[in-house]
Amino acid sequence: MILYTPLSEHDIFPSQDSGEVTYQQHKNCPIKCRDMGDGRKQIVQVLSTDPSHYMDPQLQPGQWLDS
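Residues numbered from 1 in each chain as written. Predicted model: local features only at pLDDT ≥ 70, side-chain atom pairs only at ≥ 80, totals over all residues. Heavy atoms only, no water.

Concerning the sheet that holds strand S2 (residues 29-35)
Here is step 1 of the chain: Read across the open sheet, the four strands follow the order S1-S2-S3-S4; overall the sheet is antiparallel. At either end of the open sheet lies a strand with only one pairing partner, and these are strand S1 (20-26) and strand S4 (64-66). Shown here is a sheet whose adjacent strand axes are inclined to one another by a mean of 40 degrees, direction ignored. (Pairing = 2+ DSSP bridges. Helix = DSSP H or I, 4+ residues; strand = E, 2+ residues; numbered from the N terminus. Axes fitted to C-alpha atoms, helices over the stretch in contact; angles between N-to-C directions.)

Below you can see the structure in the form of structure tokens.
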């Protein structure tokens, strides 16, 4: 089956990852995070329209947020 869509395959066919996905603001940037349940959150995706947010190494996917 071929899908012609601008969405990624992960948006169409989500995987069964551990942790709950949340959306929040960090450093005035909207991000999608995976809540691991122990107070830590891992950045999954940056959802900003500001190009400078994508250049910030602290906002890269895979980085951990302690909150």
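Next comes the rest of the description.
Section: the side chain of Lys32
Here is step 1 of the chain: With respect to the helices, strands and loops of the structure, Lys32 is situated in strand S2.
Here is step 2 of the chain: With sequence-adjacent residues up to four places away left out, Lys32 is seen in contact with Asp11, Val21, Thr22, Tyr23, Gln42, Ile43, Val44, Gln45 and Leu47. (Contact = heavy atoms within 4.5 Å.)

Brief notes about the packing of aromatic side chains
Here is step 1 of the chain: What the rule picks out here adds up to zero aromatic pairs.
Here is step 2 of the chain: Residue placement shows Arg40 over the ring face of Trp64; its charged tip is 4.2 Å from the ring centre. (Phe/Tyr/Trp six-rings, centres within 6.5 Å; stacked < 30°, edge-to-face > 60°. Lys NZ or Arg CZ within 6 Å of the ring centre and 35° of its normal.)

No statement about biological role is implied by the geometric values presented.
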